[in-house]
Amino acid sequence: MLSAELIILNANIITLNPKQPKAEALAIYGARITAVGSNKEVYRQAGPETKTIDVRGKTVVPGLVDCHVHMTGFGDFLQSLNLRNVDSIIEMQTKLHEYAKRNKERSWVLGGRWDQERFSEKRYPTRKDLDASVNDKPVFLTRVCGHVGVANSKALELAGITRQTAVTGGQVDLDKATGEPDGILRENAIGLIWKVVPKPTLKEVEEACFAACEEAVKVGLVCVHWMISSASEVKAIQRLHSEGKLPLRVCLGISVDDLEEMVSLGLLTGFGDDMVKIGFIKILADGSLGGRTAALKQPYSDKPETRGMMLYTQKKLNELVAKAHQAGLQLAIHAIGDRAIDFVLRAYEKALKEHPRKDHRHRIEHCSVLNKSLVKRIKKLKLIASIQPHFVFSDFWATDRVGSTRARWVYPFKTLMQEGLTLVSGSDGPVEPIDPILGIWAATARKSNPQESLTVEEALTTYTVNAAFSSFDEHKRGTIEAGKLADMVVLSDDPFQIAPDKIRNIAVEMTIANGKVVYAKQTFQSSH
Ligand SMILES: [Zn+2]
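If you're wondering where the values come from, they're calculated on a predicted model, not measured in any experiment.

## Brief notes about the environment of V517
Move 1: Within the element layout of this structure, V517 appears in strand β24 (residues 516-520).
Move 2: Distance in space between the C-alpha atoms of V517 and E305 is 54 Å, their sequence separation being 212 residues.

## Digging into unusual backbone geometry
Note: most peptide bonds trans; most residues except glycine with negative phi.
Move 1: Residue P430 is bonded to the preceding G429 through a cis peptide linkage, with omega at 5°.
Move 2: Here P430 is to be found in the loop between β21 (422-425) and α16 (436-444).
Move 3: Despite not being glycine, K382 shows a phi value in the positive range, around 55°.
Move 4: Mapped onto the elements of the fold, K382 is located in the loop between α12 (372-381) and β20 (384-387).
Move 5: A relative accessible area of 63% means that K382 is categorised as exposed.
Move 6: A positive phi is found at D428, a non-glycine position, where the angle reads about 60°.
Move 7: Looking at D428, the relative accessible area reads 9%, which means it is buried.

## Let's talk about the layout of surface pockets
Move 1: Roughly 440 Å³ of internal volume is contained in the second largest pocket.
Move 2: Elements with a contribution of two residues or more to the lining of the second largest pocket: α8 (231-242), β16 (249-255), α9 (259-265) and β17 (276-284).
Move 3: The element best represented in the lining of the second largest pocket is α8, accounting for five residues.
Move 4: For the lining of the second largest pocket, the residue count by class is twelve nonpolar, four polar and three charged.

## Quick word on a nonpolar patch on the surface
Move 1: Taken together, the side chains of L284, M309 and L311 make up a nonpolar region of the molecular surface, amounting to roughly 260 Å² of accessible area.
Move 2: Note on placement: L311 falls in the loop between β17 and α10 (314-326).

## Examining the sheet that holds β21
Move 1: A sheet is described by the order of its strands in space; here eight strands give the open sequence β8-β15-β16-β17-β18-β19-β20-β21, paired in parallel fashion. Only two strands of the sheet have a single neighbouring strand rather than two, namely β8 (64-69) and β21. Between one strand axis and the next, the sheet turns through 25° on average, direction left out of account.
Move 2: Of the pairings in the sheet, the one linking β17 to strand β18 (residues 330-335) comprises five bridges and is parallel in character. Paired with L284 across the strands is H334, a residue of β18.

## Considering the sheet that holds strand β22 (residues 488-491)
Move 1: Spatially, β3-β2-β7-β22-β23-β24 is the arrangement adopted by the six strands of the open sheet, whose pairing is mixed. Each edge of the sheet is formed by a strand with only one pairing partner; in this case those strands are β3 (22-23) and β24.
Move 2: Pairing between strand β7 (residues 59-62) and β22: four bridges, direction antiparallel. Residue pairing in the sheet places V61 in a bridge with V489 of β22.

## A word on the environment of D395
Move 1: Structurally, D395 can be placed in the loop between α13 (391-394) and α14 (398-407).
Move 2: On the basis of relative accessibility, which here comes to 11%, the residue D395 falls in the buried class.
Move 3: In the structure, D395 is positioned 315 residues away from S80 in sequence and 25 Å away in space, judged by C-alpha atoms.

Criteria and cut-off values
- Residues numbered from 1 in each chain as written.
- Predicted model: local features only at pLDDT ≥ 70, side-chain atom pairs only at ≥ 80, totals over all residues.
- Heavy atoms only, no water.
- Helix = DSSP H or I, 4+ residues; strand = E, 2+ residues; numbered from the N terminus.
- Buried < 20%, exposed > 50% of the residue type's maximum accessible area, 1.4 Å probe, protein only.
- 1 Å grid on protein atoms, 1.4 Å probe; cavity = no way out; pocket = protein on both sides within 12 Å on 5 of 7 lines; lining within 4 Å.
- Points joined across faces, edges and corners; volume = space filled by probe spheres on them.
- Nonpolar A, V, L, I, M, F, W, Y, C, P; charged D, E, K, R; others polar.
- Patch = residues over 30% accessible without salt bridge, like charges linked within 9 Å, V, L, I, M, F, W, Y side chains within 5 Å.
- Areas by Shrake-Rupley, 256 points an atom, 1.4 Å probe, with all protein chains shown as cover.
- Salt bridge = Lys/Arg side-chain N within 4 Å of Asp/Glu carboxyl O.
- Pairing = 2+ DSSP bridges.
- Axes fitted to C-alpha atoms, helices over the stretch in contact; angles between N-to-C directions.

Shape is all these values report; function is a separate question.
Here it is, written out as structure tokens:
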């Protein structure tokens, strides 16, 4: 027998394998786990070339999967100028100046997340403030809400924005003294800037994708269900993979805009290899609760004149779902409001009635505003509910939007779990932090509807066992057992042994994906 390449010793291994829930050690050869058991048993696989890592009692869990993340957006976020928590315009100017110096090759300086409420000057920044730091290239920095931004003179000039510019559904603020644009652009006026910002080069997209992957393995992710928004991203992922630089697995979430091409080429869910493969077709059925664009049955409680919007008619949605379903593709449909979820269920019900398929594993993304009868229908169709636990904390205004009666049925994780549904978890980053530990914390320690909290085991299962099931990989991944792919995370603490509120403080100390150490925070004693 070949000896192991890597052995992890003295660990508190939580395998999530019901036949052997706990272990002390495990051995890896190539991309796979070859033994799981006591130190003594596993050490039998050691040979002269075997590297051993003594994790000194630390907890090891199966590698975590983010089932819904916009990785390129996250990469852009990491690489842009971040002005969150900046306390003055002077500090903003310093950061802008330094960022432009560090990123000379970029033709535009983009970023933002500033908030004038925090500024000691107690006013909005202006074009002049930005010009003082950078005047040789265009700068555009959005406010934390994304609905307001500030441009420097160069950016205004390139976008052709003058005192005469009129925008429907938007505004170009003018300086009271001079009558010229002061740099602040609101709502649709922001679009004038985006029109002239050059599309990122393939190299820039690759850099953003790589930065996102590097950050993802630091928080314990070994696989991401990557929501694709451009061909450059798919190219970048393939390039990183062929160069051996891809540190984690990627399951592609392909936009319904590309459905025709997928079908005409005969590309199916699962095509690819263990590192990169085609996942599902993603359709957006409605908007967001925050923006009051999620489609509700009854009007918004805090804006009774609206009940949100559906992005498709029932007929069109039925057609798209039928087409992807009949082609043999898996579907993942974004539906937040109860009206949108009802529409999506009708489309799935119709497609599955006309073309029954046992193991379709179709998904509903977010699946936020529910009621008893919707839950029953989801269960009947055996759909996967793809939840984003951290929304529970971020959407603290949910009760304002939908009122207390409906709020009881917003993100009812425990009810879904008790009904026997398959739940998978994701972040929806960069909208939310991508850290899955924060997701596990949010799912277990929720303050709104605490009765809908999951147990640690349930939450962990959504990020591992269930995630593997959702990509048809339950025989290869999701648990720590011999024969499965070697994906795991070493944690600073055992989430089962601490108070739910403390889970957020757990640190990822090491991430192993596909048998390789892709991230290590501290050097454990390792030897040959
Ligand atoms: Zn999303």
